[in-house]
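Each chain is listed here by its residues.
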Amino acid sequence: MPYKFLPPSPQGVIEVQLWPHRSLTRAGFVGFIGLTAALIALPLVALIGKPVLWALLPFLVAAVAGIWFALRKSERDREILEVLTLSHSRTHLSRTGPRGVHKQWEANTYWLEPVLHRSGGPVPNYLTLRGGPREVELGAFLTEQERVALHRDLSDQAARISRPMGSDRP
C-alpha cells in the first residue's frame, strides 16, 4: 500500500503518510528511454542515405520526446507526500505537491469524519475528510481499493484517538 501508519508517539499522536506509486526508478527511466530510442531507430538503418529518412526522423524524435515528457511528469508527481497527524485534540493534514507546493488543513479530531463517497464524486470511492470549515480530499492518487482500505483504517484510528482517556464509549 502506498500509505503507512507510523507507530503512535508517547503522547498518543498517530501519523499517516501517503504517497503515489513509484514503479520506475531513475535508472529504469534512462534504460527505458534508451531502449525505446534504439528500437524506434532500428528500422531507420535500412533508410540510411535515402531522402525518406529525413521525412520520418522528426516524427520518431517527437515520439521519443513525448515519452520523455510523460515519464518526467510522472516522476514529478512522485514527489507528492500527504501527512495526516491525529492527536486527541487536533487533526492536521499537510500535502507537499510537485515543485514544492505546500497545502495544510486542520480540524478538531472529535469532529473528524473520514467520508467515502462510493458514487457522486469525481472518481469511484472518493475519500474526503470532514471536520473543519471545509472538506478536503485525501489520497487522490490512490486506487479505488486503496481508498476503501484507507477509509476503514482511518475510521478505526480516528474513533480510537478521539475517545477521551478512560472512556467506555466504543
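Above: the structure in question.
Residues numbered from 1 in each chain as written. Predicted model: local features only at pLDDT ≥ 70, side-chain atom pairs only at ≥ 80, totals over all residues. Heavy atoms only, no water.

Undergrad: When you look at the pattern of salt bridges in this model, what are you seeing that I'm missing?
TA: Opposite charge on two side chains permits them to pair, given that their charged atoms come into close proximity. Here the structure, examined in full by the defined rule, presents six salt bridges. Of the charged contacts in the structure, one is a salt bridge between E75 and R72, with a shortest N-O distance of 2.9 Å. Of this pair, E75 and R72 both sit in helix α2 (residues 52-77), three residues apart, which is roughly one turn of the helix. When the shortest N-O distance is used, the salt bridge between E135 and R130 registers 3.6 Å. The exposure class assigned to E135 is partly exposed, which follows from its relative accessible area of 37%. On the accessibility criterion, R130 (35% relative accessible area) is partly exposed. One network of salt bridges, with partners in common, ties together R26, R72 and E75. (Salt bridge = Lys/Arg side-chain N within 4 Å of Asp/Glu carboxyl O. Helix = DSSP H or I, 4+ residues; strand = E, 2+ residues; numbered from the N terminus. Buried < 20%, exposed > 50% of the residue type's maximum accessible area, 1.4 Å probe, protein only.)

Undergrad: Could you clarify how one ought to interpret the side chain of H151 in this entry?
TA: If you trace the backbone, H151 turns up in helix α3 (residues 144-162). Relative accessible area serves as the criterion here: at 19%, H151 is assigned to the buried category. Beyond its immediate stretch of four places on either side in the chain, H151 contacts P114, V115, L116 and L127. (Contact = heavy atoms within 4.5 Å.)

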